[in-house]
Each structure stands twice: as C-alpha cells, then as structure tokens.
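Close look at the chain arrangement
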Amino acid sequence: MPGARDLAGVWVRRGLFVVGGIAVGGAAVLMASLADAAQAGFRAVLGISPLIALVLTPFGFGLAALLARTVFPNSQGSGIPQVIAARDIEDPSLRHRLISLRVAAGKIVVMTLGLFCGASTGREGPTVQVGAALMAAAGRFAPERQRGLLLAGGAAGVAAAFNTPLAGIVFGIEELSRSYEAKTSSLILGAIIAAGLTSLALVGNYTYFGTTGDTLPLGRAWAVVPVCGVLGGLFGGLFSRIVIAVSRGLPGPAGRFVSGRPVIFAALCGLGVALCGLLTDGHIYGTGYEQAKALLHDTAETHAWFGPVKFVATTLSSISGIPGGLFAPSLAVGAGLGAEVAGLFQGVPVGAVVLVGMVAYLTGVLQAPITSFVIVSEMTENHALVIPLMVAALIADATSKLVCREGLYHALAESMVERLTGRPAHAPRVDGPA
C-alpha cells in the first residue's frame, strides 16, 4: 500500500536523525576526553620546563597546518563555516568535501594535536563539523534530507558538547540556518535529544561551568552591562575582522607570505602563542575553561593580563589555519574582560560581571546574540541574570557590527562556497528540501 510505504519512509527518516544523534553524542564525549588528555599532556611537558613551548608549540602548529592542508583538507578552523557552506552547496560531491567522515576523523586528530601543543582553541566548534559529518553519513541514502541532517548534526554537536540542549536548538536556528524550518524542527529536536541522552549516559549530568546564583541588583550595578557590552562588541568585532581579513588574503608582501608559506606562517603563530604563554605563566594555553571557571567562581588566581593576552593567543591560533574551535576560548576571553570590568565597580558581584563579559564578547565574535546569552545561561543555570545578559548581548551585537559588518562564520563560509563552486558568495540559490 502506498500509505504504508509513505509511513515507513517517515519512520526511516526519523530513525536516521535518532541514530545520527546517538553517534554525535558519542563523538562529543570522545572529543572532550581527547581534548582534556591533550591539555594534560601539554601541562606535563611544561612541567619539565616552560621553555619547551618555544619549540613544541611552533612545531605543533606547523605540523597541524600541514596535515590540515594536505592529508585532511577542509578540516581547518572551527568547522562551523564548513557546515554552513555545505548547506549552501547543491552539488553532493562538493558538499562531501566539507563534511566527509575523512574530514571528521582528521578534525579530531589534528584538533587534539593542536591542544597538545598549546593552541588557544576549543573543541565545541569541531564537534559541530564532526556531528554534521556523522549525521550526513547516517543519511547518505536520503540525499533529499541532507540539508536538514547537516543542521541537526551541527545543533546536536553544540548541545552534546556543552550539555546545553536549548542552546543547540537556538544555535541551529540563529547561526547554522538563520531561519526556522518547521518541517524539520521535530527531527532536529529528536537528534538533539538522542545526542544529549548519549552524553548523559556516558558522562552523567553536569553543568558546564557549575551553577551560580550571582545577581545584578537594579541600580548602580547595572552600569557594568553597557560597559561590558561595548567592550565585548569592540574586541569581538576586531577579532572577527582580523580572522576574516587573513582568510580572504592580506594585501602586499604579508598576504603573499601567508598564502605562499602557510606552514611557516602557522609555526610563527605558534611561536607567538608560546610567547603569550610564557608571559602569563601558562594560563593562556588550551581552551581556557579552567581559567574562566576560576574567574566565575573566584576559586583561584589567574594572571592579571589573562584577558588581553588570551585574546592575542586565540587570534593567532585562529589565523594560523589549524583546526580548533572558538567557543571556549571566546568565553575565556570574555571572562577575563568581565573580571577587569568588575575591578572598576566595587561591591558588584564579580561572578555576575564575568558572566556578562562572557556573553558580550561571545556575541561580539559570533554576532549571534540569542545563542550567546542562552548558552551562557544554560552553562551556569543562572536564570536571574537572563535580562542583563540579553541587554549585554544586544549592545555587543550592535557594537560589533560597527567594527565588522559581517558575521564571522558566514563570512568564512561564503569564501568556501566561492572557492568550491566558483559562484559569487551572494548569488541566489534555490533551496532544496530541508
């Protein structure tokens, strides 16, 4: 019966999203474990002598860039632009170049290598690309659903990486698709649930940064909101503008050197990161998770220059061309920014200002204000600060657009689409089925 066949097809498609979501959840846990082990290994090496970073970090950056260009092409950077670009490309063979299982495997390997060598990168962005690749592989027999599968895989990757299911949904709508697709919403939700349950089964329930109860009482304390919003927007927009400019090619001799000697350029970026590490007694290496959590809960001292130097190290890591994400390092930079602002306002809860700084800087980088305040709220289960976080996100978004008119991930994705298809980035495309 046609009706029975149609019903079976519906359940097969739903099953693809669930199976893919389970795979994404497992991959997120694996990548988290590898990232933690790599950072622990790097700290152990530095325990012998911090000066080892002057050799290990440039060498590691150069090797990671070489592998990303030759062995695992299209694994560079965070991975989110690749997913956005893949959703914009109609040709299955070209799309496959960005989200194949080979690229996903390379992403995991080279991301881990970068963290073992001290890169100021994260694992959450790479989890999005790996999640999209796994979901696409699960649905290879349903090519008409590829765009929806990529969206679901990327959203599930964010949800599983941070244990933030709501942020995964918002990220999928606001950043990956920039539209609400009603016909795939339930399927995406199913993938996120499957990924989240898999993560819970493997590592248990947890809050990424731990719970906080800090609030900002109405009055003078709220002055930190516009201050953090403007500063986060300015620095986040500057970061995005630098990364976009380098990715598109700098003018003159500098541009020719970067494009002609990419491995040497990556090694020089690694040397810069190593110098930043020596300047801050090693605080800027890796994701920055521990430092951000310490600032949030005021449990340990970080370096006085942590925020600005982490900004420099993350910028160098991002323009080097090695695989690695931006979410965790951006939250760390924002935490450092918030801690600096908190020092100017006596009597205001430091943890609250750190959270506002996180949202402001992450919004400045991504220009995705809803994702930014939702993800930070979920990470800390702090619902009392939702309104000030919203305000900070709106201010940071507007300020960032004054510095960088394009959203970072979409600007990078447009360059990938142009490179792979030859059509202008803003050329109209007729969307197929989600």
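Quick look at the structure, then. (Residues numbered from 1 in each chain as written. Predicted model: local features only at pLDDT ≥ 70, side-chain atom pairs only at ≥ 80, totals over all residues. Heavy atoms only, no water.)

Okay, the packing of aromatic side chains next. In this structure the tally under the stated criterion is five aromatic pairs. The interplanar angle of 75 degrees and the centroid separation of 5.8 Å between the aromatic rings of Phe235 and Phe311 together place this pair among those described as edge-to-face. With Phe235 in helix α10 (residues 224-248) and Phe311 in helix α14 (residues 306-319), the pair connects residues that are 76 residues apart, well separated along the chain. Residue classification places Phe311 among the buried positions, given a relative accessible area of 12%. Ring geometry for Phe311 versus Tyr361: centroids 6.4 Å apart, planes at 80 degrees, classification edge-to-face. A residue pair is termed long-range when its members are at least 10 positions apart, and Phe311 in helix α14 and Tyr361 in helix α16 (residues 350-366) qualify at 50 residues. (Phe/Tyr/Trp six-rings, centres within 6.5 Å; stacked < 30°, edge-to-face > 60°. Helix = DSSP H or I, 4+ residues; strand = E, 2+ residues; numbered from the N terminus. Buried < 20%, exposed > 50% of the residue type's maximum accessible area, 1.4 Å probe, protein only.)

All told, the structure shown has three salt bridges when counted by the stated rule. Between Arg123 and Glu124 there is a salt bridge whose closest N-O contact spans 4.0 Å. Its relative accessible area of 10% is what places Arg123 among the buried residues. One salt bridge connects Lys401 with Asp397, and the closest N-O pair in it is separated by 2.8 Å. On the criterion of helical spacing, the pair formed by Lys401 and Asp397 is a turn pair, its members being four residues apart in helix α18 (residues 386-403). (Salt bridge = Lys/Arg side-chain N within 4 Å of Asp/Glu carboxyl O.)

Left-over empty space is what a probe sized like a water molecule reveals as it rolls over the atoms. By volume, the largest pocket is sized at about 990 Å³. Around the largest pocket sit 34 residues that line it, and Arg69, Gln76, Val246, Ser247 and Gly321 are the ones nearest its centre. Looking at the lining of the largest pocket, the elements with two or more residues in it are α2 (53-70), α3 (80-88), α10, α11 (252-260), α12 (262-279), α14 and α19 (408-421). Considering each element in turn, the lining of the largest pocket owes the most residues, five residues, to α19. Of the residues belonging to the lining of the largest pocket, the class tally is 15 nonpolar, 16 polar and three charged. In this structure, the second largest pocket occupies an estimated 620 Å³ of space. Residue lining of the second largest pocket: 29 residues in total, with Asp36, Gln39, Thr287, Tyr289 and Glu290 positioned closest to the centre. Residue assignment for the lining of the second largest pocket shows that the elements contributing at least two residues are α1 (2-48), α7 (146-162), α9 (182-203) and α13 (289-297). (1 Å grid on protein atoms, 1.4 Å probe; cavity = no way out; pocket = protein on both sides within 12 Å on 5 of 7 lines; lining within 4 Å. Points joined across faces, edges and corners; volume = space filled by probe spheres on them. Nonpolar A, V, L, I, M, F, W, Y, C, P; charged D, E, K, R; others polar.)

Quick look at unusual backbone geometry now. Excluding glycine, most residues fall at negative phi; most peptide bonds, likewise, are trans. In this structure, Asn74 is a non-glycine residue whose phi angle is positive, near 75 degrees. Its place among the elements puts Asn74 in the loop between α2 and α3. The backbone of Asp281 shows a phi angle near 60 degrees, a positive value even though the residue is not glycine.

By the element assignment, Arg95 lies in helix α4 (residues 92-99). Among buried charged residues, Arg95 stands out as having no salt bridge; its nearest opposite-charge side chain is Glu90, 4.7 Å away. (Lys, Arg positive; Asp, Glu negative; His and termini not counted.)

We now examine the environment of Ile188. If you trace the backbone, Ile188 turns up in helix α9. Separated by 35 residues in the primary sequence, Ile188 and Gly153 place their C-alpha atoms 8.0 Å from one another. Here Ile188 is in contact with Phe17, Leu151, Ala152 and Ala155, once residues within four sequence places are set aside. (Contact = heavy atoms within 4.5 Å.)

Attention shifts here to helix α15 (residues 327-342). Across its 16 residues, α15 extends 22 Å between first and last C-alpha, which sits within 8% of the 22 Å expected from 1.5 Å per residue. Most of α15 is tucked away, with 14 of its 16 residues classed as buried. (Expected span 1.5 Å × (residues − 1).)

Moving on, we get to the nonpolar core. Of all hydrophobic cores here, the largest spans 124 residues; its most connected members are Leu216, Phe327, Met358, Ile375 and Leu408. Every residue in contact with Phe327, bar those within four places of it in the chain, is listed here: Ile80, Glu124, Gly125, Phe162, Phe171, Leu362, Leu366, Ile375 and Tyr409. (Core = buried A, V, L, I, M, F, W, Y, C linked by side-chain atoms within 4.5 Å.)

Looking at the secondary structure, you find Ser320 in the loop between α14 and α15. Residue classification places Ser320 among the buried residues on the basis of a relative accessible area of 5%. Polar contacts involving the side chain of Ser320 include one to the main-chain amide nitrogen of Ile322, which spans 3.4 Å. (Polar contact = N/O pair within 3.5 Å; in protein donor to acceptor, adjacent residues only side chain to side chain.)

Together, Leu51, Leu54, Val55, Phe257, Ile264, Leu268, Leu271 and Leu275 line one region of the surface with nonpolar side chains, adding up to about 700 Å² of accessible area. Those elements giving two or more residues to the nonpolar patch turn out to be α2 and α12. Among the elements that line the nonpolar patch, the one with the most residues is α12, at four residues. Here Leu275 lies in helix α12. Residue class for Leu275 comes out partly exposed when judged on its relative accessible area of 47%. (Patch = residues over 30% accessible without salt bridge, like charges linked within 9 Å, V, L, I, M, F, W, Y side chains within 5 Å. Areas by Shrake-Rupley, 256 points an atom, 1.4 Å probe, with all protein chains shown as cover.)

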